[in-house]
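Here is what each chain is made of, one letter per residue.
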Amino acid sequence: MLIFDLKAVGNRLYDLRTKKLMTRADIAEKAELSDRAYADIERGNVNMRLETLLRICAALGVTPNDVLTVEEPCAFTEPVLVERMRNCSDAEKNTALKLLNVYIDSIK
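Below: a short report on this structure. (Residues numbered from 1 in each chain as written. Predicted model: local features only at pLDDT ≥ 70, side-chain atom pairs only at ≥ 80, totals over all residues. Heavy atoms only, no water.)

**Points about the environment of I56**
- Position of I56 among the secondary structure elements: in helix α4 (residues 50-60).
- Relative accessible area serves as the criterion here: at 0%, I56 is assigned to the buried category.
- Beyond its immediate sequence surroundings of up to four residues, I56 is in contact with L13, I27, A31, L33, Y38, I41 and M48. (Helix = DSSP H or I, 4+ residues; strand = E, 2+ residues; numbered from the N terminus. Buried < 20%, exposed > 50% of the residue type's maximum accessible area, 1.4 Å probe, protein only. Contact = heavy atoms within 4.5 Å.)

Here's what the structure looks like:
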């Protein structure tokens, strides 16, 4: 799920930074930001440009996906998926399989 709340994004940045045992000053320096600017971003007080997000991600050694998304529990279990597919025609099953393959290939 995509995170839209600035405070939640700031909390993610804080968690990622502290797991890497880095200070705010470390990230600010590597991302070419002032200590104050990075602190305001991490506190969720200000929004940031995409370029800034990318520099912060590089400084942390993470992807924007690591910062802007959280894992959601899978809505389908395998038995549920199999049951739903069982109710499809052969053409629908083939289409679903093609779509699934395209999606899986795109995330690799």
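Here the narrative resumes.
**Topic: the layout of surface pockets**
- When its volume is computed, the largest pocket comes out at roughly 230 Å³.
- Every residue lining the largest pocket is counted, 14 residues in all, and those nearest its centre are I3, L6, V9, N47 and L68.
- For the lining of the largest pocket, the elements supplying multiple residues, two or more each, are α1 (6-19) and α4.
- Split into classes, the residues belonging to the lining of the largest pocket amount to 11 nonpolar, two polar and one charged.
- Taken as a whole, the second largest pocket encloses approximately 160 Å³ of empty space.
- Lining the second largest pocket are L81, M85, K93, N94, A96, L97 and L100.
- The set of elements that each furnish at least two residues to the lining of the second largest pocket consists of α6 (78-86) and α7 (90-107).
- With five residues, α7 is the largest single contributor of residues to the lining of the second largest pocket.
- Of the residues contributing to the lining of the second largest pocket, the split by class is five nonpolar, one polar and one charged. (1 Å grid on protein atoms, 1.4 Å probe; cavity = no way out; pocket = protein on both sides within 12 Å on 5 of 7 lines; lining within 4 Å. Points joined across faces, edges and corners; volume = space filled by probe spheres on them. Nonpolar A, V, L, I, M, F, W, Y, C, P; charged D, E, K, R; others polar.)

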